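# A structural walkthrough
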Amino acid sequence: MKVLVAGGAGYIGSVVTAALVQADHEAVVLDDLSTGHRDAVPDGVSFVESSLSDVSKVLTRDAGFDAVIHLAAKSLVGESEQRPELYWRENVGGAMDLLDAMRAADVRRIVFSSSSATYGNPEVVPIEEDARTEPTSVYGATKLTIDHMLTGEARVHGLAAVSLRYFNAAGAAYGLGERHATETHLIPIALQVVTGAREKLSVYGTDYPTPDGTCIRDYIHVADLAAAHLLTLEVVQPGEHRIYNLGSGSGYSVRDVVAAVREVTGHPVPVEDGPRRPGDPAKLVASSARIAQDVGWAARHGLTDMVSDAYEVLTARLLN
Ligand SMILES: NC(=O)c1ccc[n+]([C@@H]2O[C@H](COP(=O)([O-])OP(=O)(O)OC[C@H]3O[C@@H](n4cnc5c(N)ncnc54)[C@H](O)[C@@H]3O)[C@@H](O)[C@H]2O)c1
């Protein structure tokens, strides 16, 4: 297939692009480089520096695209609460521009990066896809809105659509790892402590109703995420909008992650225990039973793989 990867210069998008190439698909990356990196786009892949607002110039009828993988988004929860208008315009406005361009060019297949943030604070864990969706951030609300847009587009215009609701992406693959200017994710932050870029790791809340008192999250290896994109891209049918959670089904606490980082790297990771952050649920763990049953996907990598792969790519980058 010829696939347009919107957001393919970002962390997850670059790994998805590399996986497409390895599977003999043709990938074209569109990215405005607002948080992505040109050098993350795999060699030999066409790159267009463009915002989603100009996607119709790339996604033309003549260009011969078969599908889109849409990862381009603003994705900082805190920023979305400070600048909601930016998130509605970039995420929802961008998705509208993309769907308009796809309709005009007759490209009828899409896989979209949705998020566990669509669920908000779950009543039941593990979280299934038919759980109540009540996002607690503007970011989560934009993702849920786009999910609703895809449902309508599939029903009315026959789009073949998949929303993949990732939990916490982690790890590295194809030599590509996480490189966010504003880092909010636990594993890269812990690794910054290891490499000396940060003094200590702040633990927000040690009195949650969890075995060690710290929050539990579901971490999923970026290579497992990429595999799910390729699998679902092929099987979704016109008129369907499939929604799948992507997690490992195992939750790890903040202390578990810190212990794994210490073990893998052999370095101390000083922590500073502090109060809870408002709005952080105690435990978020996915049920990925639906995608396992429908397309045979399963997470193949555990926490140690995620930490060691991320560490390997980070140290290689620091040495270069
Ligand atoms: N990282 C996670 O744990 C996680 C979890 C759930 C969902 N997601 C979603 O997965 C996707 C990828 O996340 P990531 O961690 O790789 O983020 P990222 O910031 O590394 O990648 C996003 C990419 O999209 C590009 N982009 C943003 N807005 C754009 C626009 N309007 N036009 C063109 N390009 C634009 C950025 O430059 C960047 O390269 C995002 O949609 C994010 O919301 C991520």
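Located above this text is the structure these notes cover.
First things first, this report covers the structure right here in the doc. (Residues numbered from 1 in each chain as written. Predicted model: local features only at pLDDT ≥ 70, side-chain atom pairs only at ≥ 80, totals over all residues. Heavy atoms only, no water.)

### Let's talk about the sheet that holds strand E6 (residues 160-166)
Strand pairing in a sheet relies on backbone hydrogen bonds. The paired strands run either parallel or antiparallel. As a reminder, the rule being used: At least two DSSP bridges between two strands are needed for those strands to be called paired. A helix here means a DSSP run of H or I that spans at least four residues, while a strand means a run of E at least two residues long, and both kinds are numbered starting from the N terminus. An axis is simply a line fitted to the C-alpha atoms; with a helix, the fit covers only the stretch in contact. Between two such axes, the angle follows the N-to-C directions and lies from 0 to 180 degrees. Two residues form a contact once any of their heavy atoms are found within 4.5 Å.
Pairing is parallel across the open sheet formed by seven strands, whose spatial order is E3-E2-E1-E4-E5-E6-E10. The open sheet has two edge strands, strand E3 (46-49) and strand E10 (241-246), and neither has a second partner. Within this sheet the neighbouring strands show an average axis-to-axis angle of 20 degrees, counted without direction. With seven bridges connecting them, strand E5 (residues 109-115) and E6 associate as parallel partners. Bridge assignment links Ser-114 to a residue of E6, and that residue is Arg-165. Where helix H4 (residues 138-157) meets the sheet, it contacts E5, E6 and E10, and its direction lies at approximately 155 degrees from that of E5. Lying on the sheet, helix H6 (residues 222-235) is in contact with strand E1 (2-6), strand E4 (67-70), E5, E6 and E10; it crosses E5 at an angle near 145 degrees.

### Notes on the site of the ligand
Convention followed: The near set for a molecule or strand comprises every residue that places at least one heavy atom within 4 Å of it. Within 3.5 Å is the distance limit for a polar contact, defined as a pair of N or O atoms, with the added protein rule that one can donate a hydrogen and the other accept it, and that residues adjacent in sequence qualify only through two side-chain atoms. Computed with a 1.4 Å probe, the accessible areas rest on the Shrake-Rupley method; for each residue, only the protein chains presented here act as cover. Here the term charged refers only to Asp, Glu, Lys and Arg, the term nonpolar to Ala, Val, Leu, Ile, Met, Phe, Trp, Tyr, Cys and Pro, and the term polar to all other amino acids, Gly among them.
Inspection of the region around the ligand gives 30 residues, with Asp-31, Thr-35, Leu-71, Tyr-139 and Lys-143 positioned closest. In the model, an oxygen atom of the ligand is placed 2.8 Å from a nitrogen or oxygen of the Leu-71 main chain. Glu-90 is positioned with one of its side-chain polar atoms (N or O) 2.9 Å from a nitrogen atom of the ligand. Alone, the ligand offers 820 Å² of accessible surface; in the complex the protein occludes 96% of this. Sorting the residues of the shell around the ligand by element identifies helix H1 (11-22), E5, H4 and strand E7 (168-170) as the ones contributing at least two each. Residue contributions to the shell around the ligand peak at three residues, all from E5. Looking at side-chain class alone, the shell around the ligand contains 12 nonpolar, 14 polar and four charged residues.

### A few points about the nonpolar core
Here is a general trend for soluble globular proteins: nonpolar side chains tend to be buried in one another's company. The following threshold applies: Nine residue types can take part in a nonpolar core, namely buried Ala, Val, Leu, Ile, Met, Phe, Trp, Tyr and Cys, and a core is a set of them joined through side-chain atoms within 4.5 Å. A 1.4 Å probe rolled over the protein chains alone gives each residue an accessible area, and that area as a share of the maximum for its type sets the label: buried under 20%, exposed over 50%, partly exposed in between. In this entry, domain limits derive from an automatic or database-based domain assignment.
In this structure, Ile-12, Leu-20, Ile-69, Leu-164, Leu-246 and Ile-291 are the most contacted members of the largest nonpolar core, which totals 40 residues. Breaking this core down by element, the ones donating at least two residues are E1, H1, strand E2 (26-31), E4, E6, H6, E10 and helix H8 (289-295). Looking at which element gives the most residues to this core, the answer is H1, with seven residues. Here this core spans two domains, since at least three of its residues come from each of domain 1 (2-170 + 220-246) and domain 2 (186-217 + 249-319). Residues Ala-6, Leu-30, Val-68 and Ala-105 belong to the second largest nonpolar core, which totals 26 residues.

### Re the environment of Thr-214
Its location among the elements puts Thr-214 in the loop between strand E8 (201-204) and strand E9 (216-221). Distance from Thr-214 to Val-203, taken between C-alpha atoms, is 7.7 Å for residues 11 residues apart in sequence. Setting aside its immediate chain neighbours within four residues, Thr-214 contacts Val-203, Gly-205, Thr-206, Tyr-208, Ser-253, Val-254 and Arg-255. Within polar-contact distance, the side chain of Thr-214 engages the backbone nitrogen of Val-254 at 3.2 Å. A polar side-chain atom of Thr-214 sits 3.4 Å from the main-chain amide nitrogen of Arg-255.

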